[in-house]
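These are the residues of each chain, in order.
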Amino acid sequence: MAMNLGSSGGIKAEINVTPLVDVMLVLLIIMMIVAPLLQQGVPVNLPQASNSSEKPETQDQTVVTIDRGKNVYLNAKEVPKGQLQSRVTEALADKSDKIVIIKADDETPYSAVMDTMDELRAAGIEDMGLITDKRKTQQGGE
């Protein structure tokens, strides 16, 4: 940054970069805060398992969520009862890998999860994955 202290009131041909850097930092901070909020989806308490692996990135994948009230969501949009098969077929029509990830709440009855899996099999989906949280081990003798 240069200051013009002389009496020659000429025009400076230099770009003042400080305001540009300030604006870019603010935009970067906003994007860092907003990005995780965009991928949240339907809030569920996932069951815990000791052999759980890392959760896959679900931005481009098809996710079926079942909440504790047995409501079914496809990619964070609620699906009326009996329409899951047609909606999944539409969602996977242009995708090469027909994989569906199932996220079910910890308090969802087992029968609701199995009914959903049966509907997915009826739609021709054979590759399904169940998402769980990693079980927290106790610090004691376990």
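In the block above lies the structure referred to throughout.
Parameters at a glance
Residues numbered from 1 in each chain as written. Predicted model: local features only at pLDDT ≥ 70, side-chain atom pairs only at ≥ 80, totals over all residues. Heavy atoms only, no water. Buried < 20%, exposed > 50% of the residue type's maximum accessible area, 1.4 Å probe, protein only. Helix = DSSP H or I, 4+ residues; strand = E, 2+ residues; numbered from the N terminus. Pairing = 2+ DSSP bridges. Core = buried A, V, L, I, M, F, W, Y, C linked by side-chain atoms within 4.5 Å. Axes fitted to C-alpha atoms, helices over the stretch in contact; angles between N-to-C directions. Contact = heavy atoms within 4.5 Å.

## Topic: the pairing of strand S2 (residues 62-66)
Taking burial as the measure, the five residues of S2 include five buried ones, the bulk of the element. Of the two faces of S2, the one carrying Thr62, Val64 and Ile66 and the one carrying Val63 and Thr65 are both buried. As judged from the five bridges shared by S2 and strand S5 (residues 99-104), these two strands associate in the parallel manner. When the bridges of S5 are listed, valine 63 appears paired with isoleucine 101. When S2 meets strand S3 (residues 72-74), the two strands line up antiparallel, connected through three bridges.

## Thoughts on the nonpolar core
In this structure, Val64, Ile66, Leu84, Val88, Val100, Leu120 and Ile125 are the most contacted members of the largest nonpolar core, which totals 15 residues. Secondary structure elements with two or more residues in this core: S2, S3, helix H2 (84-91), S5 and helix H3 (110-122).

## A closer look at the sheet that holds strand S6 (residues 127-130)
If you walk across this open sheet you meet the five strands as S4-S3-S2-S5-S6, and the pairing is mixed. Either end of the sheet is taken by a strand with one partner, and the two such strands are strand S4 (77-79) and S6. Taken pair by pair, the neighbouring strands of this sheet meet at an average axis angle of 30 degrees, ignoring direction. Sheet topology places S5 next to S6; four bridges connect them, and they run parallel. Across the sheet, valine 100 pairs through a bridge with methionine 128, a residue of S6. Against the sheet, H2 makes contact with S2, S3, S4 and S5, and its axis sits at roughly 15 degrees relative to S3, the strand it touches most. Contacts from H3 reach S2, S3, S5 and S6, with the element oriented near 150 degrees to S2.

Geometric values such as these leave the question of function open.
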